Structure formats: C-alpha cells, structure tokens
Amino acid sequence: MAMIPVELAGRSYQVLVGHGLLDDTATHARKFLRKARVPVVADANAWAAHGERLAKSLATEGFEIAPYLVEPGEGSKSWDSLARLVDWLLEEGVERGDHVLALGGGVVGDLTGFACAILKRGCGFVQLPTTLLAQVDSSVGGKTAINTAAGKNLVGAFHQPSLVLADLDTLATLPARELRAGYAEVLKYGVLGDVDFFEWLEGQGAAVVGLESKPLERAVADSVAAKARIVAEDERETTGTRALLNLGHTFGHALEAETGFSDRLLHGEGVALGMVLAARYSARRDLTADGAAERVARAVVAAGLPAEVSALGLTCDGKALVAHMLHDKKMDAGTLPFILLRNIGEAFVAKDVALDDVAEFLDGQLSIA
Ligand SMILES: NC(=O)c1ccc[n+]([C@@H]2O[C@H](COP(=O)([O-])OP(=O)(O)OC[C@H]3O[C@@H](n4cnc5c(N)ncnc54)[C@H](O)[C@@H]3O)[C@@H](O)[C@H]2O)c1
Ligand SMILES: O=C(O)C(=O)C[C@@H](O)[C@H](O)[C@H](O)COP(=O)(O)O
Ligand SMILES: [Zn+2]
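Just so we're clear, the structure is a prediction, and the values are computed from it rather than from any experiment.

### A look at the overall build of the protein chain
The secondary structure content of the protein chain amounts to 13 helices and eleven strands. For the protein chain, the C-alpha radius of gyration of 20 Å lies close to 21 Å, the compact-globule estimate for 369 residues. Its C-alpha atoms give the protein chain principal-axis dimensions of about 60 × 40 × 40 Å. For the protein chain, the proportion of its 369 residues judged to be buried stands at 49%. Taking the contacts inside the protein chain whose residues are at least 6 apart along the sequence as the reference set, 76% of them involve residues at least 24 apart.

Here it is, written out as structure tokens:
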C-alpha cells in the first residue's frame, strides 16, 4: 500500500492507494465518524458492485450505513441532483462536524464534495473513489463542482476531503471504456511535467489498463503524488502551477459541451483529445520539439483513446468550440490562458493565444479525415 500526503496548512490529509482498502474503511475512517449512522453517497453502479464490502467493513466497527444512490452519468452533476442531495443530507441530520462518505467516480465525488462544501457552510467528507479517473485525479485536491447549461464545473468550491481511500480492487468491475478514459488523466501527468513517467507509460500503459497489480499501483500512486505536489503548491489555482493540471481541458471541456455532456464523449476521452490538440497547437506555433505532438497522439491511440477530433462527427466549426471556451474558469480579464507544451514533460501557461487562431486551427483538425 502507498500512503501519499496532501500537505495543506491546517487541512492536510492522506491518500491511501492499495488493494482491499474498502474492506478496511472502518479502520481507516474511524476517527472521522462520530455517529453510528454513516451517510454514504454512492454511484448506483459502484454501490451494486462494492456497497456490500463497504457496509460489512463499517458494520464490524458498529456503524450502520444510510445509503443515497446517485444515478450514473455526467447528468448527475446538476443543480437538481445537488438540491436533492443537500435536502437528503439535511433530513439525515448531518452536522458540520460530521463526515459523509462518497463512493464512486468523479461524478459522485464532485457532487458530494460540493454538497458537503455548502451544507451548513461546510461539513467533512471522505472520498472512496472507484474509477481509475477518480483514484488518480478527481478524489484528490478538493475541486468540487456541478455543471450548468453554460458549461462544465461552472459552480463549485474548493473543499478538501479528510481522507481518500483508493482501493485498486474496485477497478475490476469498471467497464473497459471507463478504464481507458481514466488512463487519459494518468498520461496527462507525464505529458505536463514528467517525461520519465511518460516514457514508462509508453512501455507499461497496456499493463496499467490491463489492471496488472504492480504497474497499476505505481501508475495510481505516482499520479496521486504528482497531483498532491501541485495542489500543495497552488491549492486554489492562483499562481499558475495548478493550471497545468488543466492540460487538455480547455479543448476537452469545449468538446464535452458540444457533445452535450453525454456518453458520446467521456471526460477522460475529451482530455485525451484535448491533450493531442494542445500538443498540436503548440507545434503549430513552433513551441515544441519536433515530433513531440505526434508522440503524444501515439500514446493516446496506444491506450485505445481517441486522438482525432474529426472522428467525433461534429457538425460545428472551430468558432463554435471557441465560444464554449469563453466560459472556462481560467478566463482572466478577457484573456484565456492555454496550457501548451515546450516538450513532453514541459507544459506551461501561455497567455498570448489569439482565439481566432485557435478557431482556425480547430477548423483544420475538425476536417482531417
Ligand atoms: N474534481 C476534480 O479534480 C476532477 C478531476 C478529473 C475529473 N473530474 C470530473 O470527474 C468526472 C468523471 O469521473 P469518472 O470518469 O470517474 O466518471 P463517473 O463518475 O461518471 O464514472 C464512470 C462510470 O463508471 C461507473 N462506475 C464507477 N465505479 C464503478 C465500479 N467500480 N465498477 C463499475 N462501474 C463503476 C459509473 O456508474 C459510471 O457509469 C467528470 O465530471 C469530471 O469533470 C473532476
Ligand atoms: O485538479 C485540477 O486542478 C484539475 O484541473 C484536474 C482536472 O483533471 C479536472 O477535470 C478538473 O475538474 C478541471 O478543472 P476546471 O477548473 O477546469 O473545472
Ligand atoms: Zn480532468
């Protein structure tokens, strides 16, 4: 098992990565649970596959679960779901000093985290991530949010969990497409800041997605450690360091919006496409070393992820995608910073990108057969 600290003044916490952790939830989370009845917000699929193990673990320490099931899918990161969940937490009598457990992927983690951020001005929560994406990314770092009609994650809060238990065994029941989507965020850590990790993934990516124990544990633990370092340095994305974690997301979120936040394009797939677009756009501006962009694209394709936006069958043009980008939270006094590459492992924040140039670049990418 790996234990990775997220060091933040006054609210540091541990991320535990390993096998069988869900069976020991009661042991690890005990100090956060003050009442016999424990509210658990769970993705319905994660609950069906792993709820019993969680209930059994809590029962060994005398806890009883109050389950609240969330409908799977991005649609649950909505005002309606948030309102229903907050009402339920209030009915359950959750107090500020209590902790809520969130079992599931990034959708349940983001929704529950946000509900806990605003419930009575903030109660505690523990993340029990059950997707690869949630284990390597969304359960760590305290970004919580819902989507609105205008775009992705537009209403939310920074609210850190008190503990994260990433049980690798839960990934055994995850559909292959979801595993691949989560892998995009793993690859992201290599592309943005660690060429050695990227190279290791070029060799071991298939083993990671194939859930081979050792490579999987290393990939998850190294990803979490990379994220923990960045979050500790720039928790609220104010200095530019944390913005690097947004590599691929400016393009990716626009594609997610254009496809209606639906199963047509999963978040991780949008990130994979977005990373390739960011790399190619960097090449267009002569910023990157020769061949770097296509090397990123090859790593994406090798993992069974989409690398060509033209294959999505979108009918919009580049301008329409750029219009979605105007809602990006990185927007600053009318300028949209982009995360671009000098090389693999060397991402940086570019503040001099002209949006009509991006639209023109995207027109070309949309029509590549
Ligand atoms: N807060 C952050 O820092 C952050 C980081 C990255 C992504 N995100 C957000 O995370 C969301 C995507 O998360 P995700 O990829 O985990 O998707 P998800 O939460 O929708 O889960 C993916 C699918 O897997 C199912 N599932 C979950 N665990 C399972 C299991 N163990 N076995 C079988 N099925 C299981 C779910 O029901 C769902 O159908 C997006 O909304 C994205 O914006 C947030
Ligand atoms: O933690 C971060 O910071 C990230 O940017 C991680 C991303 O993978 C994640 O998708 C995040 O929710 C995107 O942030 P947003 O601020 O663009 O909504
Ligand atoms: Zn992401």
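Additional details are given in the paragraphs that follow.
### Thoughts on the packing of helix H6 (residues 176–193) against helix H7 (residues 195–209)
One can describe the packing of H6 onto H7 by two numbers: an axis separation of 8 Å at closest approach and a directional angle of 165 degrees. With respect to each other, H6 and H7 are oriented roughly antiparallel. Judged by the twist between their axes, the crossing of H6 over H7 is right-handed. The residues of H7 that touch H6, namely those facing Leu179, Arg180, Tyr183, Val186, Leu187, Tyr189, Gly190 and Val191, are Val195, Phe197, Phe198, Leu201, Gly205, Val208 and Val209.

### Overview of the site of ligand 2
Around ligand 2 lies a shell formed by Asp137, Gly141, Lys143, Lys152, Asn153, Glu185, Arg242, Leu245, Asn246, His249 and Lys329. Across the shell around ligand 2, the residue classes break down as one nonpolar, four polar and six charged. When residues of the shell around ligand 2 are sorted by domain, at least three fall in each of domain 1 (2–173) and domain 2 (187–367).

### Remarks on the site of ligand 1
Around ligand 1, the surrounding shell holds 32 residues, and the nearest of these are Asn45, Pro72, Gly105, Gly106 and Ser138. The set of elements that each furnish at least two residues to the shell around ligand 1 consists of helix H2 (44–60), helix H4 (106–118), helix H5 (132–138), H6 and helix H10 (267–284). Classifying every residue of the shell around ligand 1 gives nine nonpolar, 16 polar and seven charged.

### A few points about the sheet that holds strand E6 (residues 124–129)
Neighbouring strands of a sheet are bound in pairs by backbone hydrogen bonds; such pairs are parallel or else antiparallel. What the seven strands build is an open sheet, ordered E1-E2-E9-E6-E5-E3-E4; its pairing is mixed. Where the open sheet ends on each side, the last strands, each with one partner, are strand E1 (2–6) and strand E4 (64–70). Taking each pair of neighbouring strands and ignoring which way they run, the sheet shows an average axis angle of 20 degrees. Here E6 pairs with strand E9 (residues 163–167) via two bridges, running parallel. The partner of glutamine 127 across the bridge, within E9, is valine 164. Sheet contacts for H2: strand E3 (37–43), E4 and strand E5 (99–104); angle to E3, the most-contacted strand, approximately 155 degrees. Across the face of the sheet, helix H3 (residues 79–91) comes into contact with E3, E4 and E5 while running at roughly 165 degrees to E4.

### Remarks on the domain arrangement of the protein chain
Partitioning the protein chain into structural domains gives domain 1 (2–173) and domain 2 (187–367). Just the C-alpha atoms count here: the centres of domain 1 and domain 2 sit 26 Å apart. Across the contact, 28 residues belong to domain 1 and 22 residues belong to domain 2. Within the residue set of the side of domain 1 that touches domain 2, elements represented by two or more residues are E1, strand E2 (13–18), H5 and strand E8 (151–158). The residue makeup of the side of domain 1 that touches domain 2, split by class, is 17 nonpolar, seven polar and four charged.

What counts and what doesn't
Residues numbered from 1 in each chain as written. Chains lettered and ligands numbered in written order. Predicted model: local features only at pLDDT ≥ 70, side-chain atom pairs only at ≥ 80, totals over all residues. Helix = DSSP H or I, 4+ residues; strand = E, 2+ residues; numbered from the N terminus. Rg over C-alpha atoms; globule rule 2.2 N^0.38 Å. Buried ≥ 20, exposed ≤ 12 C-beta atoms within 10 Å, placed from the backbone. Contact = placed C-beta atoms within 7 Å. Axes fitted to C-alpha atoms, helices over the stretch in contact; angles between N-to-C directions. Parallel < 35°, antiparallel > 145°, perpendicular 65-115°, else oblique. Left-handed = near helix turned anticlockwise from the far one by under 90°. Near = placed C-beta within 6 Å. Nonpolar A, V, L, I, M, F, W, Y, C, P; charged D, E, K, R; others polar. Domains from an automatic or database assignment. Pairing = 2+ DSSP bridges.

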